[in-house]
Amino acid sequence: VSHTYNVNNTAVNMLSVVFMILYIPGTYLASYLFERFGLRGTILAANTLNVAGSVLRFASIGTDSTANNGGYALLLIGQGMCGLVQPIFVNAAALIAATWFALEQRDLATVIASMANPIGTGVGQILPAMLVSEEGSGMSLLLLIQFIISGSILMLAYFFFSDKPPTPPSYTETLRYSHRVADQSEIIQDGGPFSWTQISSLLKNRNFIKLAFGFSIGLAYFNSLATVLGQQVNILGYTDNDAGIFGALILGFGLIGCAIVGPIMDATHRYKTILKTFSIMTFVTVLALCGSLRPDNHMALLIIFSILGFFVLPLLPLSFECMVECTYPVSEEVTNGIMLSMGNILSIGITFAWQSLIEKTRRYRGIYVSYNFLQAGIFVVCGFFILSFNGDYNRLNAEKAYREVSDRNRTDSSNNPTIIPKLSSNSEKIQEA
C-alpha cells in the first residue's frame, strides 16, 4: 500500500483504524436494523454495502497496480463503507446462535459464528503476502479478489440465508421474540434499540462493567497487534512474508483452540472458569512473546505466535457467552455491540501508540523496551478486570427453571389426566417461576 499509493505508515494504518473509528456508529446502525428488519434484511443490506465498498477500492487502482488519481481517497472511502457494516457481522454471532440453535448447540454455534471475523483477519494477513510484492505489484489482483468474494457472499446470503426458524429453538428465545414483537412500536418511537431502560440496567451491573473493560482491553491488544505486526517484526529483521506467516499461525492455532473450547462449553457451561484460565495463559504467552521479539529467533516466534493464537482467539466466544449470560434479558446485539465498540475505541489509541513506539525504537534494543512494556501492561489491566468478573448465568438459570416447571407439569398431568398444564402468557411470571 505504501509503495502503490505513495503514503506513509500512518496512512497505511488508517486503513485499519477506520474500521475502529466507525464501529460505534456501525454498532448503533446494526442494532437498529436487526430490530426493525431482522437478520435476513440486515445481513443483505450489510453485504450490499460491502460490495459497494469493494467496487470503490478496486476503482482506486489501475490494471498496472498503480494508483489512479485520488486513488488513496477512494481506497479509504471504500474501507469506510465496509467498516461501517462490520459491526453487523461481528455483533450478530451471539444473536444468530440464540435465534437458530437450541441450548445444547448454542455455545458451539457462538464459537463458530464469532470466528468469522478472525478468519477474515487471517485471510487478510495471508492473501496480501501471497499476491502483492514489496513494490506493490499484484495490488489490483488482490482488490479484484476482494470484490469477487464480497459479491459471492451477497449472492449466497440472498438465496440461502433465512431470517429465523419456523419455531424458536429455546424457551428464552420464545420469550425474547414475544418481547421484541411487543416492544416494536417503542423501538420505532425511540428511534433505536438502545433504550434508557437497557442502558441503565447495564450501567448498574458491576459484572457487565468488569467484563466489558477486560474484554475491550484484550480486543484492543489483538486489533493493534494485527495492524502493526508487520512493522513490529520488520525492525527486527523479519520480512512481510514472515509477518504473514505469524498472522496465519495465530489464526490457525486459534481455530484449533476454538474447536476444543466449543464442545467443552456445550458440555459444561462453565464459561467463567474457562475464560479466566485462558486469560491467564494468554498473559503468560504475551510475556513469552515480549522476551522472544529479537532478531534471528524465527523458530521461537513461530511457536510463541501459535500458542498465543490458541489461547487468545477463544476469549472472543467465551466473553460473548459470559456477557450474554450476565446481562440477560438485554438483547445480545446490544451488549456485544457495546463491548466491541469499547474495544475498537481503545484500539485506535493503542495502535497509534504502538506504532509510535516502534518508530522511535527503529531497531532491536533488547527486550526491555517501551513496546514490550506496553504489551505487558495491557494484559495486567485486562487480567485484573477478567479475574474479578463473577457474573451470574441468568439465561441458563431461566432455561433450567422453565424445564423444571415443564417437567413438573408433565408429571402432574400424568398423575391426574383431568389437569391440562398451561403456561402463563405473562412472561414475567414464567421467569419468576
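Whatever comes next refers back to the structure up there.
Given the structure is predicted, the values throughout are model-derived calculations rather than measurements.

Engineer: How should I be thinking about the pattern of salt bridges in this particular structure?
Structural biologist: Side-chain pairs of opposite charge can arise whenever the charged atoms involved come near each other. Tallied over the full model, the rule gives three salt bridges. With a closest N to O distance of 3.5 Å, Asp163 and Lys164 form a salt bridge. Residue Arg395 pairs with Glu321 through a salt bridge whose shortest N-O separation is 3.0 Å. A residue pair is termed long-range when its members are at least 10 positions apart, and Arg395 in helix α17 (residues 394-415) and Glu321 in helix α14 (residues 315-327) qualify at 74 residues. One connected set of salt bridges, linked through shared partners, spans Glu321, Glu325 and Arg395.

Engineer: In this structure, what is going on with empty space enclosed by the protein? I would like to understand it.
Structural biologist: Where empty space is left becomes clear once a probe the size of a water molecule has been rolled over the atoms. In the structure shown here, the tally under the stated rule is three cavities of 30 Å³ or more. Here the largest cavity is characterised by a volume of approximately 110 Å³. Every residue along the wall of the largest cavity is listed here: Pro118, Thr121, Gly122, Gln125, Phe222, Leu225, Ala226, Leu229, Gly247, Ile250, Leu251 and Leu313. Of all the secondary-structure elements, those providing two or more residues to the lining of the largest cavity are α6 (116-131), α10 (206-234) and α11 (240-268).

Engineer: Sorry if this is basic, but what is going on with the packing of aromatic side chains here?
Structural biologist: Both the distance between ring centres and the angle between the ring planes are used here to describe each pair of aromatic rings. For the structure on display, the rule yields 13 aromatic pairs. Judged by centre distance (6.5 Å) and plane angle (70°), the rings of Tyr5 and Tyr72 are edge-to-face. Pair noted here: Tyr5 is in helix α1 (residues 2-5) and Tyr72 is in helix α4 (residues 71-100), with a separation of 67 residues, a long-range link. Exposure remark for Tyr5: the relative accessible area of 7% places this residue in the buried category. Judged by relative accessible area, which is 19%, Tyr72 ranks as buried.

Thresholds, definitions, all that
Residues numbered from 1 in each chain as written. Predicted model: local features only at pLDDT ≥ 70, side-chain atom pairs only at ≥ 80, totals over all residues. Heavy atoms only, no water. Salt bridge = Lys/Arg side-chain N within 4 Å of Asp/Glu carboxyl O. Helix = DSSP H or I, 4+ residues; strand = E, 2+ residues; numbered from the N terminus. 1 Å grid on protein atoms, 1.4 Å probe; cavity = no way out; pocket = protein on both sides within 12 Å on 5 of 7 lines; lining within 4 Å. Points joined across faces, edges and corners; volume = space filled by probe spheres on them. Phe/Tyr/Trp six-rings, centres within 6.5 Å; stacked < 30°, edge-to-face > 60°. Buried < 20%, exposed > 50% of the residue type's maximum accessible area, 1.4 Å probe, protein only.

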